[in-house]
Amino acid sequence: MFRELPKPLECWHHFRGNDYIIITVATNCTNGGDHLSYVVYKRIDLDNIYMRRVDEFMSEVDHEKYPDVIQKFRFEKRT
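Below: a short report on this structure. Computed from a predicted structure; not experimentally measured.

**Re the overall build of the protein**
Point 1. Regarding its fold elements, the protein presents one helix and five strands.
Point 2. The helix and strand sequence of the protein, counted from the amino end, reads β-β-β-β-α-β.
Point 3. Projected onto its principal axes, the C-alpha positions of the protein cover 40 × 30 × 20 Å.
Point 4. Within the span of the protein, comprising 79 residues, buried residues form 28% of the whole.
Point 5. Across the protein, the fraction of contacts at a sequence separation of at least 24, relative to all contacts at a separation of at least 6, is 32%.
Point 6. Of the charged side chains in the protein, 12 are positive and 13 negative; the average position of the first set lies 2 Å away from that of the second.

Next comes the structure, spelled out in structure tokens:
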């Protein structure tokens, strides 16, 4: 299943209940040739800025660890 990557200024919802604004998707190309992409984002109601690898950001919720969570993915785009 293909999921569209986050884009700047989009709002994404975390499975634990908070909403986040995407700042950018950045690429780290200084680690010996591996080009890893990261989502840079901030919680709407806080000034803290966070960064997470794209594959982690787009991953499914571990429903064994969080059996009561209904949301399928760690982050889902708000419409």
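**As for the environment of Asn-28**
Point 1. Inspection of the secondary structure puts Asn-28 in strand 2 (residues 19-31).
Point 2. Residue Asn-28 is classed as partly exposed on the basis of its relative accessible area of 26%.
Point 3. Taking the C-alpha atoms as reference points, Asn-28 and Glu-76, 48 residues apart in sequence, are found 24 Å from one another.

**Focus: the packing of aromatic side chains**
Point 1. Counted under the stated rule, the structure contains nine aromatic pairs.
Point 2. Measuring from centroid to centroid gives 6.2 Å for Tyr-20 and Tyr-50, while their planes differ by 80 degrees, and the two rings are edge-to-face. With Tyr-20 in strand 2 and Tyr-50 in strand 4 (residues 49-53), the pair connects residues that are 30 residues apart, well separated along the chain.
Point 3. Residue class for Tyr-50 comes out partly exposed when judged on its relative accessible area of 30%.
Point 4. Where Tyr-20 meets Phe-75, the ring centres are 5.7 Å apart and the plane angle is 80 degrees; that geometry is what we call edge-to-face.

**Quick word on the side chain of Glu-10**
Point 1. Along the chain, Glu-10 falls in the segment before strand 1 (11-14).
Point 2. Here Lys-7 takes part through its backbone nitrogen, which lies 2.9 Å from a polar atom of the side chain of Glu-10.
Point 3. Beyond its immediate stretch of four places on either side in the chain, Glu-10 contacts Leu-5, Tyr-20, Ile-21, Ile-22 and Lys-77.

Criteria and cut-off values
Residues numbered from 1 in each chain as written. Predicted model: local features only at pLDDT ≥ 70, side-chain atom pairs only at ≥ 80, totals over all residues. Heavy atoms only, no water. Helix = DSSP H or I, 4+ residues; strand = E, 2+ residues; numbered from the N terminus. Buried < 20%, exposed > 50% of the residue type's maximum accessible area, 1.4 Å probe, protein only. Contact = heavy atoms within 4.5 Å. Lys, Arg positive; Asp, Glu negative; His and termini not counted. Charge placed at Lys NZ, Arg CZ, Asp CG, Glu CD. Phe/Tyr/Trp six-rings, centres within 6.5 Å; stacked < 30°, edge-to-face > 60°. Polar contact = N/O pair within 3.5 Å; in protein donor to acceptor, adjacent residues only side chain to side chain.

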